[in-house]
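# Coordinates in review
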Amino acid sequence: MTGLEVRDLTVRTSGGRTLLDSVSWEVPFGGRLGIIGESGSGKSLTAAAVLGLLPEGMTATGQVLLDGRDLLTLGERAMRRVRGAQVAMVFQEPLTALDPLMTVGRQVAGPLRLHRGVSRARARELTADLFRLVRLDDAERILGSYPWQLSGGQRQRVSLAMALACEPRVLLADEPTTALDVTVQAEMLDLLDDVVERTGTTLVFVSHDLPVVARVARDLVVMRSGQVVEASTVAQALEAPAHPYTRQLLAAARAVSRLPQEDER
Amino acid sequence: MTDQLDAPRVPAGAEVEPVEAGTPRRASARRLRSPSFVVGAAMVSVVVLVGLVAFFWTPYTIGSRGTGERLGGPSAEFWLGTDKLGRDVLSQLMAGATNAVVVAVCSVAIAAAIGIALGILAASTTRWVDVAVLNVVDLMIAFPTLLLAMLIVTVRGASLSSVIAAIGISGAAVIARITRVNASRVLREDYVVAAAASGTGWWGTVRRHVLPNVAPTLLVQLMLLAGAAILAEASLSYLGLGPRPPYASWGRMLNEAQSTITAAPLAAILPGLLIAWTVLGLNLLGDGIRERSDPSLRGDR
């Protein structure tokens, strides 16, 4: 399949505990997959395993196929060329995901210089373009700013720009809006939606929040205790959830009535 | 745009709203106003300047044989008098500053080179290497500098380089431990994971993220170490384990002036005062650097 496919992905600790149990899902290039589950369900661990960035002591078995190539079999050097260049990631907490001592311009330019080997000046131009792509107004000024000088929403846009710097084929977004407050969250989701559409990037969106996932994803994987309990489309899961846990999530989301089909948008 | 500035790692007083482009410059101007930084830097500069001058020129040459009368008081010819061998005290004090600067710079450089490398290594490899390095470091820290210096002197003879090696090696242990603690904290940060996720390798992460983030803490420690090095050199020289003439040393001056302190008090008091002055200056400078890098101490923000 041309896309990202996770096949029987199992992650164990050195103590023999199974954290991910035969997780399988796939997303074609250009597709949008949402992975939803409560904390501890293994959704973030799945994303880390795809990038080969499991915490020390954990081992992954199974397959992670990017365009047919199994990433789990790649060595560290080859894997470094995949990270950021073909599969990139946006993290949950935009403040801690940026180095406080480095201007955000230099941080976003990092992957560009690393993977593309572009000059400092060229990297700066490209970074300014990226900032415009993620609708950061006043890109020139933000280039020279430090993370703490920016607002939460701006920081997350910077993180998104950094992830998109080398035009990766797959963007893993690990709860990218959870740390933002609701109004900024909505802006960020619209932006993500728009940017992914325009660049044709494949999106894997990890969240515990069903309404948020429903807003940006088409396909849906529901995870619980390290296993996939339901795999369908977002529309289907909203209409006719198959698994009791999905129904539970849906009921919980309805209770606070933030589901897209229930407001007037 | 509301914000999430409750996160603990925001430097105190970080602006919520986007700030003017000139802010970093203003912040650095504010840092320079830290009184201990200014005073410390001034005190240390004086010593460094005198040391530099004395490297090229002193009023009288620093020999083992004096040029004036013995134990002379301050005069137009010998501003601060002469010691029991008839040597000019001022010239010796100046050359002592050169010695102190050389000892501080060289031993701190050795400590930094070995200590930072070991600390980063311990922080970023497997547990076994980490434990091994930490045990060696703990052993080194427990081993008194004086004893190490005696060992080195026994093997190599008393000289400037022996003293520097002894101080540098024992300092390296302290620096290694501090680097290890701080580097492993930085290596757990999200931005290091983010860097790895964008393909940055180990060396790239160390260079771009770890070193800059441990630098402020290390800089403070290196300043304190420089002070400790000058004290250690003085103690070693006082005990006769330090550099031999023609190198002048405040510690040796103290030793030599001890027996004649009632007849020529200046020759005993001045080296002591200079040692205290220099170490105090370095400690103040260290405090000043900590104040500018530690936001919780930055009272005005």
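Everything quoted here is computed from the prediction, not taken from an experiment.

Calculation rules
Every chain's residues receive numbers from 1 upward, in the order its sequence appears when written. Chains and ligands are labelled by the order in which they are written, letters from A for the one and numbers from 1 for the other. Reporting in this predicted model follows two pLDDT cut-offs: at least 70 for local features of residues, and 80 or more for side-chain atom pairs to be given and counted; totals over whole chains, interfaces and linings ignore these cut-offs and use all residues. Counting from the N terminus, the helices are DSSP H or I runs at least four residues long and the strands are E runs at least two residues long. Radius of gyration: C-alpha atoms only; globule rule: 2.2 Å multiplied by the number of residues to the exponent 0.38. Think of it this way: build a C-beta for each residue from its backbone, and any pair within 7 Å is a contact. Lines fitted to the C-alpha atoms define the axes, with helices restricted to the stretch that makes contact. Angles between their N-to-C directions range from 0 to 180 degrees. When describing relative orientation, an angle under 35 degrees is termed roughly parallel and one over 145 degrees roughly antiparallel, while 65 to 115 degrees is termed roughly perpendicular and anything else oblique. The handedness criterion is simple: a crossing whose near helix is rotated anticlockwise from the far helix by less than a right angle is left-handed, and one whose near helix is rotated clockwise is right-handed. In the scheme used here, Gly and all other residues not listed as nonpolar or charged are polar, with Ala, Val, Leu, Ile, Met, Phe, Trp, Tyr, Cys and Pro taken as nonpolar and Asp, Glu, Lys and Arg as charged. In this scheme, strands are said to pair when DSSP sees at least two bridges between them. Whether a residue is buried, exposed or partly exposed follows from its count of other C-beta atoms within 10 Å of its own C-beta, namely 20 or more, 12 or fewer, or something in between, respectively; the C-beta atoms are built from the backbone. For a helix, the expected span equals 1.5 Å multiplied by the residue count minus one. Two axes enter the definition of the bend at a residue: one is fitted to the seven residues ending there, the other to the seven starting there, and the bend is the angle between them. Per residue, pLDDT captures the predictor's confidence, and it can take any value from 0 to 100.

## Focus: the overall build of chain A
- A count of helical and extended segments in chain A gives 10 helices and 10 strands.
- Taken against the 2.2 N^0.38 rule, which gives 18 Å for 265 residues, the C-alpha radius of gyration of chain A at 18 Å falls within 12% of a compact globule.
- If you line up chain A on its principal axes, its C-alpha atoms span 55 × 50 × 35 Å.

## A word on the overall build of chain B
- A count of helices and strands for chain B gives 10 helices and zero strands.
- Ordering the α and β elements of chain B from the N terminus gives α-α-α-α-α-α-α-α-α-α.
- Looking at chain B alone, contacts between residues at least 24 apart form 69% of all its contacts between residues at least 6 apart.

## Description of the packing of helix 6 (residues 152–164) of chain A against helix 7 (residues 182–199) of chain A
Residues and elements named next belong to chain A.
- Helix 7 packs onto helix 6 with a crossing angle of 20 degrees between their chain directions and a minimal axis gap of 10 Å. Here helix 7 runs roughly parallel to helix 6, going by the angle between their axes. In this structure, helix 6 meets helix 7 at a crossing whose hand is right-handed. The segment helix 6 lies against helix 7, with Gly152, Gly153, Gln156, Arg157 and Leu164 engaging Val184, Glu187, Met188, Leu191, Val195 and Thr199.
- By residue class, the composition of the contact of helix 6 with helix 7 is five nonpolar, four polar and two charged.

## Points about the sheet that holds strand 2 (residues 18–28) of chain A
All names here are of chain A.
- The strand order 2-1-4-5 describes an open sheet built from four strands, whose pairing is antiparallel. Looking at which strands have only one partner, the edges of the open sheet turn out to be strand 2 and strand 5 (69–70).
- Relative to strand 2, strand 1 (residues 3–12) is paired through seven bridges, and the arrangement is antiparallel. Opposite Val11, over in strand 2, you have Leu20 as the bridge partner.
- Where helix 1 (residues 43–50) meets the sheet, it contacts strand 1, strand 2 and strand 4 (59–66), and its direction lies at approximately 110 degrees from that of strand 1.

## Things to note about the environment of Thr126(B)
- One can find Thr126(B) in the loop between helix 3 (89–124) and helix 4 (127–142).
- On a C-alpha basis, the gap between Thr126(B) and Ala173(B) in space is 20 Å, while along the polypeptide they are 47 residues apart.

## Brief notes about the pairing of strand 6 (residues 87–90) of chain A
Residues and elements named next belong to chain A.
- Neither face of strand 6 is open: one carries Val87 and Met89, the other Ala88 and Val90, and all of them are buried.
- Where strand 6 and strand 7 (residues 170–174) come together, four bridges link them in parallel fashion. Among the inter-strand pairings, Ala88 is bridged to a residue of strand 7, identified as Leu171.

## Digging into helix 8 (residues 202–238) of chain B
All names here are of chain B.
- The end-to-end C-alpha separation of helix 8 is 46 Å, well short of the 54 Å expected for 37 residues at 1.5 Å each.
- The largest bend in helix 8 is about 50 degrees, located at Ala215, with the proline Pro216 one to four residues further on.
- Positive backbone phi, at 85 degrees, marks Gly240, one or two positions downstream of helix 8.

## Quick look at the sheet that holds strand 10 (residues 227–233) of chain A
Residues and elements named next belong to chain A.
- Taken together, the six strands give an open sheet; going across it, the order is 6-7-8-3-9-10, and neighbouring strands pair in mixed fashion. Looking at strand neighbours, the two that pair on one side only are strand 6 and strand 10, the edges of this open sheet. Put simply, the sheet's adjacent strands are angled 20 degrees from each other on average, direction ignored.
- Across five bridges, the pairing between strand 7 and strand 8 (residues 202–207) is parallel. The partner of Val170 across the bridge, within strand 8, is Thr202.
- Contacts from helix 6 reach strand 6 and strand 7, with the element oriented near 175 degrees to strand 6.

## Thoughts on the confidence of the model for chain B
All names here are of chain B.
- Residue-level pLDDT values for chain B average 82, and 84% of them are 70 or greater.
- The model gives residues 1–25 a pLDDT under 50, and that stretch makes 36 contacts with residues more than four places away or in other chains.
- The complex prediction reports pTM at 0.80, with the ipTM value standing at 0.85.

## Re the pairing of strand 10 of chain A
All names here are of chain A.
- For strand 9 (residues 219–224) and strand 10, the ladder comprises six bridges, and the chain directions are antiparallel. Each residue of the ladder has a partner; that of Met223, found in strand 10, is Val228.
- Adjacent in sequence and paired antiparallel, strand 9 and strand 10 are bridged by two residues, among which Ser225 carries a positive phi angle near 40 degrees.

## Quick notes on unusual backbone geometry
Residue and element names in this part refer to chain A.
- Unusually for a residue other than glycine, Glu175 sits at a positive phi of about 50 degrees.
- Topologically, Glu175 is positioned in the loop between strand 7 and helix 7.
- The phi torsion at Ser225 lies on the positive side, around 40 degrees, for a residue other than glycine.
- In this structure, Ser225 sits in the loop between strand 9 and strand 10.
- Judged by local crowding, Ser225 falls into the partly exposed class, with 15 C-beta atoms found within 10 Å.

## Regarding the packing of helix 3 of chain B against helix 8 of chain B
All names here are of chain B.
- Interhelical geometry of helix 3 versus helix 8 gives an angle of 140 degrees and a closest axis separation of 8 Å. The handedness of the crossing between helix 3 and helix 8 is right-handed. Residues Ala100, Val103, Ala104, Ser107, Val108, Ala111, Ala112, Ile116, Ile120 and Ser124 of helix 3 form the contact with helix 8, whose own contacting residues are Trp202, Val206, Val210, Leu218, Leu222, Leu225, Ala226, Ala229, Ile230 and Glu233.

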